[in-house]
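Examination of the molecular architecture
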Amino acid sequence: GATIGILGGGQLGRMLSVAAARLGYKTHIFEPAANPPAADVAHAVTVASYDDMAALRAFADSVDVITYEFENVPTAALDALEALRPIRPNRRALAISQDRILEKDFLTGLGLRCAPYAAVQTLADLEAAIATIGAPAILKTTRLGYDGKGQARIKTAEDAAAAHASMNGAASVLEGFIDFSHEVSVIAARGLDGSVACYDPGENVHKDGILHTTTLPAKLSPSMRSDAILLAARILNALDYVGVMGVELFVTPQGLIVNEIAPRVHNSGHWTQNGCAVDQFEQHIRAVAGLPLGDGGRHSDVVMENLIGDDIDRLPALLRENDCAVHLYGKAEARPGRKMGHVNRVIPKG
Ligand code: ATP
Ligand code: MG
Ligand code: MG
């Protein structure tokens, strides 16, 4: 069988490897950190730095196609890999989602709505941006932020200096604060043949900047539900995308506002494992392998809950619950903020 190379060996790489094995593919993981969660289930693992060009070339030589579960792969590494094997989703999708300014320029260029934003480097830039955009607002590093890291809330103009200092000189973007009623995300997929399949939008609740629960169905009017799906499809088509993408949206009385996109399987799509015949991991493998996609249909209502840090102490009780599917990542040590696993509570649709 063919081998799929995956950059990144976290829980997403682990669940992609399981899905690939079910379809008869082998996976080869490339990951800089030792003992990655995906190592338990992948066929091969290379633990090496993204600066190690020989290791990258050997990895690419051993696989048929390359995908990723981690966006922040250095450009030089991608150049070396792409010279040898196709990378799906493509480089443009990765470049855009690595940089919040490129991302918002791209999305607004498609006619979609984002929070008002301005690039910030100096304190003077920030003061000027606050004068234009207003407060409250959020300052975010342009690159490398996740789980709410690299963000500073600005309540009034007086918070500017402290917020700017907290960026440690990193290029950043000021975003106007969106007064949303709730957050939803669309997990969307596009195949090699250009066909698009979207899952029903899920409603997301964050705790301490980290996704806590995703609930299906989301509170959405029928028109907003179709808006969400149509805008996600527009993003994938514009990028000539192949694979699964997570599209995070704010719901407001004036309509949907795009927060950010993630060019990979997404934590808010874990509910699909127990809500759909073809889950997001299988869907992504199908897409990158050039197979037909599942249709994204949902057979059940689901509440996904992340098990973070010592949430994992509740495991014995969770295992005794009815209709509660448990997914663990095989991480030995529970640290605060660390994603240890998740559960999907399944309610069959009437
Ligand atoms: P992720 O782990 O999803 O990649 P991240 O670090 O990239 O997170 P964002 O998604 O940009 O962070 O922001 C995290 C959360 O902060 C959002 O889900 C939302 O709840 C809140 N937030 C971010 N930007 C705004 C905004 N402009 N207005 C209001 N709330 C916001
Ligand atoms: Mg993000
Ligand atoms: Mg986010």
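Remember, predicted model here, so these are calculated numbers, not experimental data.

Here we come to the overall build of the protein. Of the regular secondary structure elements, the protein holds 11 helices and 17 strands. Over its C-alpha trace the protein gives a radius of gyration of 20 Å, about what one expects of a compact globule, namely 20 Å for 350 residues. Taken along its principal axes, the extent of the C-alpha atoms in the protein is 60 × 55 × 40 Å. Out of the 350 residues in the protein, the part that is buried amounts to 43%.

Okay, the packing of helix α1 (residues 11-22) against helix α10 (residues 280-288) next. Relative to each other, α1 and α10 sit at 65 degrees, their axes nearing to 8 Å. Taken together, the axis directions place α1 and α10 in an arrangement best described as roughly perpendicular. Pair α1 / α10 crosses with right-handed handedness. Where α1 abuts α10, its residues Met15, Leu16, Val18, Ala19, Ala20 and Arg22 lie against Phe281, Glu282, His284 and Ile285. Partitioned by chemical class, the residues of the contact of α1 with α10 number 7 nonpolar, 1 polar and 2 charged.

Moving on: the sheet that holds strand β6 (residues 137-141). Across a sheet, paired strands are connected by hydrogen bonds in the backbone, their directions being either parallel or antiparallel. Spatial ordering of the open sheet is given by β5-β8-β6-β7, a layout of 4 strands whose pairing is antiparallel. The strands lining the two open edges of the sheet, one partner per strand, are β5 (117-120) and β7 (151-154). Pairwise comparison of adjacent strand axes, ignoring direction, gives a mean angle of 20 degrees for this sheet. Relative to β7, β6 runs antiparallel, the two being bridged by 4 bridges. Paired with leucine 139 across the bridge in β7 is alanine 152. Packing of helix α6 (residues 123-133) onto the sheet brings it into contact with β5, β6, β7 and β8 (172-176), and relative to β5 it is tilted by some 170 degrees.

Bringing the domain arrangement of the protein into the picture now. Domain annotation for the protein reports domain 1 (3-87), domain 2 (116-176) and domain 3 (182-348). One C-alpha centre belongs to domain 1, the other to domain 2, and the line joining them spans 34 Å.

Let us now look at α1. The end-to-end C-alpha distance of α1 is 17 Å, a good match for the 16 Å that 12 residues give at a rise of 1.5 Å each. A large share of α1 lies buried, amounting to 9 of its 12 residues. The set of residues buried in α1 consists of Gln11, Leu12, Gly13, Arg14, Met15, Leu16, Ser17, Ala19 and Ala20. Two residues or fewer after α1 comes glycine 24, characterised by a positive phi angle close to 90 degrees.

Read from one edge of the open sheet, 4 strands run β3-β2-β1-β4, paired in parallel fashion. For this open sheet the edge positions go to β3 (44-47) and β4 (65-68), each flanked by a neighbour on one side alone. Averaged over neighbouring strand pairs, the angle between their axes works out to 20 degrees when direction is ignored. In this structure, strand β1 (residues 3-7) lies alongside strand β2 (residues 26-31), joined through 5 bridges in parallel fashion. Bridged to isoleucine 4 within β2 is threonine 27.

A word on unusual backbone geometry. The omega angle of the peptide bond from alanine 135 to proline 136 is 0 degrees, so this bond is cis rather than trans. Among the structural elements, proline 136 can be located in the loop between α6 and β6. Here leucine 216 and proline 217 are connected by a cis peptide whose omega angle stands at 0 degrees. Turning to its location among the elements, proline 217 is positioned in the loop between β12 (210-216) and α8 (222-238). One non-glycine residue, aspartate 240, lies in the positive phi region at around 50 degrees. Topologically, aspartate 240 is positioned in the loop between α8 and β13 (243-252).

Let us now look at the site of ligand 1. Around ligand 1, 17 residues are found, and the nearest of them are Ala115, Gly145, Tyr146, Glu175 and Ile178. Listed by contribution, the elements that provide at least two residues to the shell around ligand 1 are β6 and β14 (255-262). Of the domains in this structure, domain 2 (116-176) and domain 3 (182-348) are the two that each give at least three residues to the shell around ligand 1.

A few words now on the confidence of the model for the protein. Summarising the model, the protein shows a mean pLDDT of 96, and 100% of its residues fall at 70 or more. The ipTM for the predicted assembly is 0.98, set against a pTM of 0.96.

Scoring rules and cut-offs
Residues numbered from 1 in each chain as written. Chains lettered and ligands numbered in written order. Predicted model: local features only at pLDDT ≥ 70, side-chain atom pairs only at ≥ 80, totals over all residues. Helix = DSSP H or I, 4+ residues; strand = E, 2+ residues; numbered from the N terminus. Rg over C-alpha atoms; globule rule 2.2 N^0.38 Å. Buried ≥ 20, exposed ≤ 12 C-beta atoms within 10 Å, placed from the backbone. Axes fitted to C-alpha atoms, helices over the stretch in contact; angles between N-to-C directions. Parallel < 35°, antiparallel > 145°, perpendicular 65-115°, else oblique. Left-handed = near helix turned anticlockwise from the far one by under 90°. Contact = placed C-beta atoms within 7 Å. Nonpolar A, V, L, I, M, F, W, Y, C, P; charged D, E, K, R; others polar. Pairing = 2+ DSSP bridges. Domains from an automatic or database assignment. Expected span 1.5 Å × (residues − 1). Near = placed C-beta within 6 Å. pLDDT = per-residue confidence, 0-100.

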